[in-house]
Amino acid sequence: MNKKVLLIDGMALLFRSFFATSVYNRFMYTSNGIPTNAVQGFVKHMISSMEAFNPTHVVCCWDMGSKTFRTEMFDEYKANRPAPPQELIPQFDLVKEVVEAFDIPNIGLAGYEADDCLGTLAKSYSQEAEVVILTGDQDVLQLITENVKVALLQKGYGNYEVLDENGFYEKKGLTPSQLIDLKAIMGDSSDNYPGVKGIGEKTASKLLMEFQTVEGILENIHSLTKSQRQKFEDSLELLHLSRELATIKCDVPISCDLPLATISIDRTKVMTKFEELEFNGLQTFVSRVC
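This is a predicted model, so every value here is computed, not measured.

**Thoughts on the sheet that holds strand S5 (residues 148–153)**
Then, in step 1: Strand order in the open sheet made by the 6 strands is S3-S2-S1-S4-S5-S6, with mixed pairing throughout. Two strands in the sheet have a free side with no partner beyond their single neighbour: strand S3 (106–107) and strand S6 (160–163).
Then, in step 2: With 5 bridges joining them, strand S1 (residues 4–9) and strand S2 (residues 57–61) adopt parallel strand pairing. Bridging across to S2, Leu6 finds its partner in Val58.
Then, in step 3: Here helix H2 (residues 37–53) sits on the sheet and contacts S1, S2, strand S4 (130–135), S5 and S6; the angle it forms with S1, its principal contact strand, is near 160°.
Then, in step 4: Most of the contacts of helix H5 (residues 114–125) go to S1, to which it runs at about 175°, and overall it touches S1, S2, S3, S4 and S5.

Here you go:
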């Protein structure tokens, strides 16, 4: 395939960039008092990834608010997460303006998470292109297929752990699709859903290696230890709920025709936006991709 699509998890890059500098109270305000630390870090990550993966097309996906179909299913979903810092809030809209200046599509849909948009577009684009998903969220690894790789952000700029199907299997001993059942069983403290109480990652992985799926485990529940059997029986409803919460939807009603995502950067347009936002140190980054 001569087409390569870079799908960017915008929220992952923005949050990572914000906390990388805010811990030192470096918010990089404009003369109008607008903080830009997260947006500037985002731009560095975006350009570094374009340089590293040399895509022909780029799309950026976003969350569109905290209320989604998952919070409707389970009130406690992500309820343990604090509100975003005040300095980050104005940067949510600002970063999309910067992405637009690069003529890169911003994609998001109320009621769904960025992950669901990433999954939907990856499934669509993989029919005609190689797809690389850039994220810091390991949940996205479930989207790996023959033509879809996931690049996990590492420390610094331009450093990634890139996993394909073989790489994921070597890392986890499971297939990418089994990650959904793994999360369903062990739960997720970050997303705040329970799974099977008392069953951790090590045991869950071992059971999936032996029985393949949640259904396979339940069909062979008599083969489990008495303690394991009791834990599954006590948590059946939460197990199935957790699997629904863990599953990234790949049929979200969004679209972005691939030609719209073709890289075509107008350097003057980008520089005008940078001057408006007083991004005085980023000019050299832009020259690396246009």
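Once the structure has been displayed, the description carries forward.
**Some points on the packing of aromatic side chains**
Then, in step 1: In total, this model carries 11 aromatic pairs according to the counting rule given.
Then, in step 2: Taken together, a centroid distance of 5.1 Å and an interplanar angle of 85° make the contact between Phe18 and Phe19 edge-to-face.
Then, in step 3: Phe19 gets classed as partly exposed once you look at its relative accessible area, which sits at 44%.
Then, in step 4: Each member of the aromatic cluster is reached from another via a ring pair, and the members are Phe15, Phe18, Phe19, Phe27, Tyr29 and Phe92.
Then, in step 5: A cation over an aromatic ring shows up here: Lys249 above the ring of Phe69, its NZ or CZ 5.7 Å from the ring centre.

**Some details on the pairing of S4**
On a regular strand, each side chain points to the face opposite its neighbour's, so the side chains alternate between the two faces of the sheet.
Then, in step 1: With 5 of 6 residues buried, S4 is to be regarded as a mostly interior element.
Then, in step 2: Of the pairings in the sheet, the one linking S1 to S4 comprises 5 bridges and is parallel in character. What sits directly across from Ile8, in S4, is Leu134.

Thresholds applied
Positions within a chain are numbered from 1, following the residues in the order the chain's sequence is written. The predicted nature of this model means local features are confined to residues of pLDDT at least 70 and side-chain atom pairs, given and counted, to a pLDDT of 80 or more, with totals for whole chains, interfaces and linings taken over all residues. Each side-chain value is worked out from all heavy atoms of the structure, with water and hydrogens disregarded. Two strands qualify as a pair provided DSSP detects at least 2 bridges between them. Every helix listed is a DSSP run of H or I at least four residues long, and every strand listed is a run of E at least two residues long, numbered separately from the N terminus. Here, residues are in contact when the closest pair of their heavy atoms is within 4.5 Å. In this analysis, axes come from line fits to C-alpha atoms, helices being fitted only over the stretch in contact, and the angle between any two N-to-C directions falls in the range 0 to 180 degrees. Any two rings among Phe, Tyr and Trp, with Trp reduced to its six-membered ring, count as a pair given centres within 6.5 Å; such a pair is stacked if its planes are under 30 degrees apart, edge-to-face if over 60, and tilted if neither. Three exposure classes are used, based on accessible area relative to the maximum for each residue type with a 1.4 Å probe and protein chains only: buried under 20%, partly exposed in between, and exposed over 50%. Only when the NZ atom of a Lys or the CZ atom of an Arg is both within 6 Å of the ring centre and within 35 degrees of the ring normal do we say a charge sits over the ring.

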